[in-house]
Amino acid sequence: MKKTAFLGALTVASIAASAAVAQDVSTVDQIKERGKLNCGVTTGLVGFAAPDANGTWNGFDVGVCRAVAAAVLGDANAVEFVPTTGKTRFTALASGEIDMLARNTTWTFSRDVDLKFEFVGVNYYDGQGFMVSKDLGASSAKELDGATVCIQTGTTTELNLADFFRANDMSYEPVPIETNAEAQQQYLAGACDVYTTDASGLAATRATFEDPAGHVLLPEIISKEPLGPLVRHGDNNWGDVVRWTLNALVSAEELGVTSANIGELGASAGDNPEINRLLGTEGNLGEMLGLDAEWAKRAIMAGGNYGELFAKNIGEDTPIALARGLNAQWTEGGLLYSPPFR
Amino acid sequence: MTSMTDPHQGQFRLSMLLYDSRYRSMTIQIVALIGFLILVFWLISNTAQNLAELGKEPSFGFMSEPAGYDINQRLLEYNSQDTHLRASLMGLLNTLLVAVMGCIAATIIGVIVGVLRLSPNWIVSRLAAVYVEMFRNVPVLLWIVFIMAVLIETLPAPSAFRKGEASMALWDSVAITNRGVYIPEPLFSNSLGNIHLLGQSSLRFDVSLDLLAIAAVFLAGILTSMLIKRRADAIQESTGDRPATWYWRLGVVVIPTVIVLTILGLHWGYPELKGFNFKGGTYMRNSLIALWLALSLYTGAFIAEIVRAGILAVSKGQSEAAGALGLRPNRTMSLVILPQALRVIIPPLISNYLNLTKNSSLAIAVGYMDITGTLGGITMNQTGRELETVLLLMAVYLAISLTISSVMNWYNESVKLKER
Ligand SMILES: N[C@@H](CCC(=O)N[C@@H](CS)C(=O)NCC(=O)O)C(=O)O
C-alpha cells in the first residue's frame, strides 16, 4: 500500500516536472485556448494606458494590445490588462504572466540582448525631458544643480539622469518612486523640484494637473527613448504576430486605410495591391502568420490606424496635445516607416 | 519470565520495515527524507533547466559591473560609476541604519508604554492601551505610507522658506521641510583626518580618526567609572557604607571627552537655504523619518505588551517582600522586578527585533534606498538577474537575523536564571 502510494507520488512529481520544463505550446495557441490576451500596461498614465470611470482601459498603448487581440482572437475586448510598474514589468513578461508588454518601454541593447526580450518595433519615438513648476524660474536643465528630482525606479530615466548630471558636473538629490501617480503627488506637494521621465509621459501627467499652465517642460531632451511593445525570446512566431500587427496599423495610415473606409476597402480586392494584401483580399499573408486572412483588417478596425489611435488618445486635440513630430509617417518627414506587406 | 517472548534476532524480513514497530518510524523517516531530497532536486534542476533554456545561466559577474544609478542616502562615498556590489553595500548600510534606529526607538517606546499600561491612573493606562491596539492592528505598510503622506502634505516645501512663508525652528538651527529634516552637524576645525581602507575596491571605506579618538576617550572614561563603582561596591560590602561617587563617575567620563572635543575644535554646521534646497547640517530624509517612525511605533506596540507581560509575570509577593525590607519603589523596580522581568521579556524581544529588521524591507514604499531597494530593486531590474539578486538578498537578511539573534541570545544567557 505504502509503496504504491509513494510510487504514485513519484510519477505525479515527474510528470509535473516534465510538464513544467517542456513549455513548447506556442503562445498563439495558449492565447486562443485561454480566449484572452494578457497584456502588460502601466499602472495608469492617461493617454497611454489608464482605466476610465467604468474600468475600461483606454489609451495609445492599450490600442496596441487591443489590435493584437483583435488580430489573434477576433475580439478587441478579449484582453486582460495587467498593470505593471517600471520594476515589475520585466519579471511579469519573463515569467509568462503576460504575453506581451506595451508600457512606454524603451528599446535598449541590454533589455533586448541581456534580458532576453524581443522588441517588435517602435510605437512612439520619445526622449527624456524635465518638468518644473513655473515658480521655480528655471529655463534650462543646466540650471538644476542641487535640485531634488523625482524619478520612477527601474527605468532608463534613472540611468540617463545619473549620466546627465554627471556629464554636466552638477549634483542632485534623486527621489526614487514606484509609480507615476505617486511621483505626481510628491511633485505637486513640492517634495521634489523636478519631475523627469519620457517627455510624452510628462505631457500626459501635466494634462491631469489642476493647473497645467503652472508647469513647464524644459527645452532639453537628454536621451533617445524609442518606446515599443515587446515579447519574450523563444517564440518567434508570436513576435512576428505582434510586430506585424503594429506594422499593419502604421501601414494602414500610410496607405490611407482608416476605420471609416476599411469596410469598403476590405470587402473586395481594389486597385492597390498592397492594400489588398494587407486586408487579405489578395495573397495569403495571414496564413503565413498562422492566422486567418482578415487578421489585419480586424486589428485596424479595433481602434483605427496608427494616426487615428494617436489623434484619439494623445494628439493635438486631446488635453495631452502631443504633436506628431518624429512620429509622423516617413512621407511626412517623420520616422514611422513600416516594412512593406508583401 | 516465560510470559515475555524474546525478540526475534537474526531473522530480519523486509516486511518488518513496515510492520515491526522497532523499524517503522525509521522507515517512515527515510522515505520522507528521500521524498524531500527528490523535491529539492527537482526544484533545482527544473529551475536550472528553465533558466538555461532562457539563456540566463546563473552568474554573479554582474555585481562587479558599474551600477549606473545614483543613491540619495549614502553613508559611504558612492557615485553612479561604482559597482552593483558597492550600491548593494550602500543599501545594506541603510538597512542597518534604520534597523538600529528602529530597534532603539521601539525599545524605548515599548518600555515606557508597557509600564504606563500598568499605571494605576485610568486615563494613562487607557491611552497606552489605545496606542497599542491602534498600531498593533494596522499593517505596518499602511503606517509607513500614511506617515510619509502626512510629512509630504503638511510640512512646508523649501520654496516656502525662500518666500518667507516658513522659518527654521530652534533658533534657526533646524529646518523641517517636507523633504526631510536638517539638523546641525558636528564639525571639527582641527580634524585628524581619515584613514582610507581597502584601496579602490567596492568595499572601501574611510574611518574618521576624530570619531575614533572621541570613542576611545569616552570608553576609557566609562571603564574608569566602572572601576570606581566596583571599588564603591567593595567598600559597601565590607563596611556597609557606600561612599558618594557619582560626581567622580560622571567627571571621569565627561571631562576628558570635553577636552578632546575642544582640542579637535568642535563646532556646529547649521543648515542654510541655498538654491533649491538646504545645504549643510545633517539631512534626515523624509523617507528615513517615515520608515523609522512607522517601524518604531509599530514594533513599540508589540514590545509594550511584552514588557507588560514581563512585569506581570513577577509575582506580587516579590515587590511586597522588597517593600517589607524597606526598599523604595524605584529600587524595587530596578533591583527586584526588572531583573526578573527581563528573563521573560528578552526571548520575545529578540523576535521583535528580527521582525523590525525584516519589515524594514518595506522601505521601497517610500523610496528609502535599503538593500531591497538597491540590490533587490534597481540592480535586479536593470540587470534582469532575478534569481541571483533574490538569493543574495535572502543570504543578507539571513545573516543579519542570525547575527541579531546570536547577540541577543548571548545577552539572554547572561540575564537568565542561573541555577547553581
Ligand atoms: N521609457 C522608460 C520609462 C518608462 C516609464 O516608467 N514611464 C512612466 C512615465 S512616462 C510610466 O509609464 N508610468 C506609468 C506608471 O507608473 O505605471 C523606460 O522604459 O524605462
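This report concerns the structure included in the present document. Everything numeric in this text was worked out from a predicted model, so none of it was measured. (Residues numbered from 1 in each chain as written. Chains lettered and ligands numbered in written order. Predicted model: local features only at pLDDT ≥ 70, side-chain atom pairs only at ≥ 80, totals over all residues. Heavy atoms only, no water.)

Looking at the site of the ligand
Residues and elements named next belong to chain A.
Thought 1: Close to the ligand lie 22 residues, the nearest being Thr43, Thr106, Thr156, Asn180 and Asp198.
Thought 2: The contact in question runs from an oxygen atom of the ligand to an N or O atom on the side chain of Arg111, over 2.9 Å.
Thought 3: At a separation of 2.8 Å, an oxygen atom of the ligand approaches a polar backbone atom of Thr156.
Thought 4: Relative to its unbound accessible area of 510 Å², the ligand is 100% covered by the protein chains.
Thought 5: Judged by the proximity of its atoms to the pocket grid, the ligand belongs to the largest cavity. (Near = heavy atom within 4 Å. Polar contact = N/O pair within 3.5 Å; in protein donor to acceptor, adjacent residues only side chain to side chain. Areas by Shrake-Rupley, 256 points an atom, 1.4 Å probe, with all protein chains shown as cover. 1 Å grid on protein atoms, 1.4 Å probe; cavity = no way out; pocket = protein on both sides within 12 Å on 5 of 7 lines; lining within 4 Å. Sits in = over half its atoms within 2 Å of the grid points.)

Observations regarding the sheet that holds strand S9 (residues 147–152) of chain A
Residues and elements named next belong to chain A.
Thought 1: Read across the open sheet, the five strands follow the order S10-S9-S11-S8-S12; overall the sheet is mixed. Where the open sheet ends on each side, the last strands, each with one partner, are strand S10 (172–177) and strand S12 (215–217). The sheet shows a mean angle of 30° between the axes of neighbouring strands, direction not considered.
Thought 2: Two strands pair when backbone bridges link them, and strand S8 (residues 128–133) and strand S11 (residues 194–198) are joined in this way by five bridges, in the antiparallel orientation. Residue Gly129 lies in a different strand from S11, and its bridge partner there is Thr197.
Thought 3: The strands that helix H8 (residues 199–207) touches are S8, S11 and S12; relative to S11, the one it contacts most, it runs at about 125°. (Pairing = 2+ DSSP bridges. Helix = DSSP H or I, 4+ residues; strand = E, 2+ residues; numbered from the N terminus. Axes fitted to C-alpha atoms, helices over the stretch in contact; angles between N-to-C directions. Contact = heavy atoms within 4.5 Å.)

Focus: the sheet that holds strand S2 (residues 180–183) of chain B
All names here are of chain B.
Thought 1: With respect to topology, three strands assemble into an open sheet ordered S1-S2-S9, the strand pairing being antiparallel. The two strands at the open ends of the sheet, each matched to only one other strand, are strand S1 (175–177) and strand S9 (282–285). In this sheet, neighbouring strand axes are inclined to one another by 15° on average, regardless of whether the strands run parallel or antiparallel.
Thought 2: As defined by bridge partners, S1 adjoins S2 across three bridges and the pair is classed as antiparallel.

Details of the pairing of S10 of chain A
Thought 1: Here S10 of chain A lies mainly inside the structure; six of its six residues are buried.
Thought 2: After leaving S9 of chain A, the chain enters helix H6 (residues 156–167) of chain A and then returns to the sheet as S10 of chain A, a path that is right-handed. (Buried < 20%, exposed > 50% of the residue type's maximum accessible area, 1.4 Å probe, protein only. Right-handed = clockwise from strand over helix to strand, strands pointing away.)

Quick look at the side chain of Thr245 of chain A
Thought 1: Residue position: Thr245 of chain A is located in helix H9 (residues 236–255).
Thought 2: Non-local contacts of Thr245 of chain A, meaning those with residues more than four positions away in its chain, are made with Ala67, Val68, Ala71, Trp295 and Ala299 of chain A.

Considerations on the pattern of salt bridges
Thought 1: Taken as a whole, this structure holds 19 salt bridges over all chains when the rule is applied.
Thought 2: Across the pair Glu80 of chain A and Lys36 of chain A runs a salt bridge, and its minimum N-O distance is 3.7 Å. Of the two residues, Glu80 of chain A sits in strand S4 (residues 79–83) while Lys36 of chain A sits in the loop between helix H2 (27–34) and strand S1 (37–41), which places them 44 residues apart along the sequence.
Thought 3: Three or more residues joined by partner-sharing salt bridges are found here, namely Glu77, Asp82, Arg86 and Arg204 of chain B. (Salt bridge = Lys/Arg side-chain N within 4 Å of Asp/Glu carboxyl O.)

Here we look at empty space enclosed by the protein
Thought 1: Inspection of every chain in the model, using the stated rule, returns two cavities of 30 Å³ or more.
Thought 2: Considered as a void within the structure, the largest cavity measures approximately 240 Å³ in volume.
Thought 3: Taken together, 20 residues form the lining of the largest cavity, with Arg103, Asn104, Gln152, Thr197 and Asp198 of chain A sitting closest to its centre.
Thought 4: Breaking the lining of the largest cavity down by element, the ones donating at least two residues are H6, S11 and H8 of chain A.
Thought 5: With three residues, the top contributor of residues to the lining of the largest cavity is S11 of chain A.
Thought 6: Of the residues contributing to the lining of the largest cavity, the split by class is two nonpolar, 14 polar and four charged.
Thought 7: Among the domains, domain 1 (27–125 + 227–332) and domain 2 (128–223) of chain A are the pair contributing at least three residues each to the lining of the largest cavity.
Thought 8: Roughly 90 Å³ of volume is contained in the second largest cavity.
Thought 9: In terms of lining, the second largest cavity is formed by 15 residues, of which the most central are Glu173 and Val175 of chain A together with Arg179, Tyr283 and Asn286 of chain B.
Thought 10: Within the residue set of the lining of the second largest cavity, elements represented by two or more residues are S10 of chain A together with S9 and helix H9 (286–313) of chain B.
Thought 11: A per-element tally of the lining of the second largest cavity places S10 of chain A first, with three residues.
Thought 12: In terms of residue class, the lining of the second largest cavity is built from six nonpolar, six polar and three charged. (Points joined across faces, edges and corners; volume = space filled by probe spheres on them. Nonpolar A, V, L, I, M, F, W, Y, C, P; charged D, E, K, R; others polar. Domains from an automatic or database assignment.)

Note that every value here comes from positions in space, so none of it alone points to a role or purpose.
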